[in-house]
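Fold and contact review
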Amino acid sequence: MNAPTGAGAEAGDGGTDSREAVRLVVLVCAAQVLAQIGAFAWPALLPGRMAEWALGSAEAGWVTGLFYAAYTVSVPVLVTLTDRVDPRRVYLFGVATTTISHLGFTLLADGFASAAAMRILAGIGWAGSYMTGLKLLSDRVSPRLLSRATAGHAAGVGLSGALSFLIAGSVGAWLGWRAAFAVAAGCAAAAWLIAVLLVPPAGRPSATAGARLFDFRPVFRNRSAMAYAIAYGVHTLEMSALRGWVVAYLAGVAVLAGSGSGLGPASVAAAMGILGTLVSVAGNEMSIRLGRQRLIRIAMSGSMVCAVVIALVGTRGYWLAVALVLVYAALIWLDSSSLTAGAAGTAEPGRRGATLAVHSMLGYGGGFLGPVVVGVTLEAAGGPTPTGWAAAFLALAAVGLAGRLVFAVMRPAGLAGDRVGH
């Protein structure tokens with residue numbers, strides 16, 4: 001069914017008062033920052049792992065992408081369960097699994113197979129903690145706070161993604177790559193303690209009368225929520241492709257251009273994540289004022305054009321590549337909060353967990369494909385050469401164009417408080 005403009009007015013019925021809501025948002029966002037610290041340790045350390053373990057581009061892409069594949073398979077079960085059980089319980093499972101995955105890298109990983117296994121565990125862990133954290137918030141905050149709570153949640157995840165590159169790169173350089181994963185495991189364990197000690201449990205969620213737990217048909221019939229979910233899939237494909245390959249790409253450009261720089265690829269990736277976080281929050285505010293559809297159309301069109309520019313001139317110099325990567329990241333991240341808030345806000349309240357599960361499944365299905373598409377394209381085009389990188393970014397631009405067209409046709413609803421954008 002189509003949700004009307006302003007859908008989501010029911011979201012958070014029975015939500016906490018303002019002071020309790022702010023405390024809950026702060027605690028959940030802090031836990032998400034810590035849980036996500038190790039999420040991008042693998043791409044941050046990818047050049048060294050490829051050299052030491054003799055991994056090809058396609059193999060590296062698969063290891064990177066398996067995180068998203070595991071997430072995609074797990075999220076329909078774990079997030080949909082939050083329509084029946086306290087999201088906090090599922091969240092604790094997810095963070096515990098994340099901690100185990102980082103410990104596995106620290107103690108066991110020694111090649112493609114073991115790294116792939118740990119990335120699968122990490123994907124399951126993130127499936128149990130990312131959207132479940134958002135569901136925990138959306139069930140307990142008032143409708144008025146939902147969009148901004150979602151933006152704050154996304155900001156916490158974005159901040160931790162930026163820190164993930166910086167911490168992994170720095171600790172890896174000083175103490176070795178295994179120490180970088182050990183730090184990530186410690187941070188995830190701290191997130192688990194915050195959730196278990198400070199976030200209060202909730203009662204059993206109230207589901208839509210007669211709704212079956214894993215019946216996703218009503219979600220797929222919600223045209224508005226599905227429009228946001230499909231666009232989120234394209235968004236996450238581009239984001240994961242850039243995150244997964246940015247360090248390798250910039251390192252390759254530095255070699256091709258014969259230039260050294262005090263600002264290394266891992267530091268650029270960290271700056272990219274911080275910039276993306278700020279842009280994501282700003283984008284949500286812009287969508288409220290300019291119209292959610294309009295903002296998303298601008299972001300999708302801009303990222304597509306930027307990918308084409310990178311394909312044409314992105315290997316001509318290190319600093320040019322850095323500037324283009326940062327612009328590309330800003331355009332990709334611009335609609336991040338707006339897409340997820342749109343899906344959560346246009347979902348039926350009793351099916352919000354199922355809706356977020358489908359939204360996240362499509363998103364991280366795209367996230368799985370992104371690094372793989374880049375890796376396979378690179379290998380087919382002759383490896384990390386100017387021609388290979390050009391082909392990879394053109395492939396991303398083609399996906400962006402397809403997503404932009406689908407979103408334009410589906411025309412989803414806005415949220416309560418949004419201006420109507422045309």
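Just so we're clear, the structure is a prediction, and the values are computed from it rather than from any experiment. (Residues numbered from 1 in each chain as written. Predicted model: local features only at pLDDT ≥ 70, side-chain atom pairs only at ≥ 80, totals over all residues. Heavy atoms only, no water.)

With that out of the way, let us pick up the overall build of the chain. Along the backbone of the chain there are 17 helices and zero strands. Taking all 422 residues of the chain together, the buried fraction comes to 62%. The long-range fraction of contacts in the chain, counting pairs at least 24 apart against all pairs at least 6 apart in sequence, stands at 88%. (Helix = DSSP H or I, 4+ residues; strand = E, 2+ residues; numbered from the N terminus. Buried < 20%, exposed > 50% of the residue type's maximum accessible area, 1.4 Å probe, protein only. Contact = heavy atoms within 4.5 Å.)

A word on the nonpolar core. Counting residues in hydrophobic clusters, the biggest one holds 116 residues, and the most contacted among them are Leu-242, Val-246, Tyr-249, Leu-250 and Tyr-328. Not counting residues up to four positions away in its chain, the partners in contact with Val-246 are Phe-165, Ala-269, Met-272 and Val-325. Among the nonpolar cores identified, the runner-up in size contains five residues, and Val-279, Leu-295, Ala-330 and Leu-334 belong to it. (Core = buried A, V, L, I, M, F, W, Y, C linked by side-chain atoms within 4.5 Å.)

The next point concerns the packing of aromatic side chains. For the coordinates displayed, the defined rule picks out 14 aromatic pairs. Both rings, one in Trp-245 and one in Trp-389, keep their centres 6.2 Å apart while their planes meet at 70°; by these two values the pair is edge-to-face. On the criterion of sequence distance, the pair formed by Trp-245 in helix 11 (residues 223-257) and Trp-389 in helix 17 (residues 386-410) is long-range, its members being 144 residues apart. Each member of the pair Trp-245 and Trp-389 is classed as buried. Three or more aromatic residues joined by ring pairs form one cluster here, namely Trp-42, Trp-53, Phe-105, Trp-177 and Phe-181. (Phe/Tyr/Trp six-rings, centres within 6.5 Å; stacked < 30°, edge-to-face > 60°.)

Turning our attention to the side chain of Thr-99. Locating Thr-99 in the fold gives a position in helix 5 (residues 87-107). A relative accessible area of 12% means that Thr-99 is categorised as buried. Apart from the residues lying within four places of it in its own chain, the contact partners of Thr-99 are Ala-185, Ala-188 and Ala-189.

The next thing to look at is the environment of Gly-291. Relative to the helices and strands, Gly-291 resides in the loop between helix 12 (265-290) and helix 13 (292-313). Along the chain, Gly-291 and Ser-338 lie 47 residues apart, while their C-alpha atoms are 10.0 Å from each other.

What follows covers empty space enclosed by the protein. If you walk through the whole model with that rule in mind, you get eight cavities of 30 Å³ or more. By volume, the largest cavity is sized at about 210 Å³. Breaking the lining of the largest cavity down by element, the ones donating at least two residues are helix 4 (57-80), helix 8 (143-175), helix 11 and helix 12. Considering each element in turn, the lining of the largest cavity owes the most residues, six residues, to helix 11. For the lining of the largest cavity, the class distribution of residues is eleven nonpolar, eight polar and one charged. Its boundaries defined by the atoms lining it, the second largest cavity holds a volume of some 100 Å³. Lining the second largest cavity are 15 residues, with Gly-38, Ala-39, Phe-67, His-102 and Ala-122 positioned closest to its centre. Of all the elements in the fold, those that place two or more residues in the lining of the second largest cavity are helix 1 (18-36), helix 2 (41-44), helix 5 and helix 6 (112-127). Here the lining of the second largest cavity is composed, by residue class, of nine nonpolar, five polar and one charged. (1 Å grid on protein atoms, 1.4 Å probe; cavity = no way out; pocket = protein on both sides within 12 Å on 5 of 7 lines; lining within 4 Å. Points joined across faces, edges and corners; volume = space filled by probe spheres on them. Nonpolar A, V, L, I, M, F, W, Y, C, P; charged D, E, K, R; others polar.)

What follows covers helix 12. Between its first and last C-alpha, helix 12 extends 35 Å over 26 residues, near the 38 Å set by a 1.5 Å rise per residue. Residue Gly-291 follows helix 12 closely and has a positive phi angle near 110°. (Expected span 1.5 Å × (residues − 1).)

Together, Trp-192, Leu-193, Leu-197 and Leu-198 give the surface a local cluster of nonpolar side chains, amounting to about 390 Å² of exposed area. Position of Trp-192 among the secondary structure elements: in helix 9 (residues 177-198). (Patch = residues over 30% accessible without salt bridge, like charges linked within 9 Å, V, L, I, M, F, W, Y side chains within 5 Å. Areas by Shrake-Rupley, 256 points an atom, 1.4 Å probe, with all protein chains shown as cover. Salt bridge = Lys/Arg side-chain N within 4 Å of Asp/Glu carboxyl O.)

We now examine the side chain of Asn-222. Note that Asn-222 resides in the loop between helix 10 (217-221) and helix 11. Take Asn-222: its relative accessible area is 3%, and that puts it in the buried class. At a separation of 3.1 Å, a polar atom in the side chain of Asn-222 contacts the main-chain amide nitrogen of Ala-225. (Polar contact = N/O pair within 3.5 Å; in protein donor to acceptor, adjacent residues only side chain to side chain.)

The full count for this structure, using the stated rule, is one salt bridge. A salt bridge links Glu-52 to Arg-49; the shortest N-O distance between them is 2.8 Å. Here Glu-52 pairs with Arg-49, and both are found in helix 3 (residues 46-53), just three residues apart, close to one helical turn. When its relative accessible area of 7% is taken as the criterion, Arg-49 is described as buried.

Where helix 12 meets helix 15 (residues 336-345), the closest approach of the two axes is 6 Å, and the angle between their N-to-C directions is 55°. The angle between helix 12 and helix 15 places the two elements in the oblique class. Between helix 12 and helix 15, the contacting residues are Ser-280, Val-281, Gly-283, Asn-284 and Ser-287 on the first element and Ser-336, Ser-337, Ser-338 and Ala-341 on the second. (Axes fitted to C-alpha atoms, helices over the stretch in contact; angles between N-to-C directions. Parallel < 35°, antiparallel > 145°, perpendicular 65-115°, else oblique.)

Okay, the confidence of the model for the chain next. For the chain, per-residue confidence averages 82 on the pLDDT scale, and residues scoring 70 or more make up 86% of the total. Per-element confidence in the chain is highest for helix 14 (residues 318-333), whose mean pLDDT is 94, and lowest for helix 7 (residues 130-140), whose mean pLDDT is 76. Below a pLDDT of 50 lies the segment residues 1-17, which in the model reaches 46 contacts outside its immediate sequence neighbourhood of four places, other chains included. (pLDDT = per-residue confidence, 0-100.)

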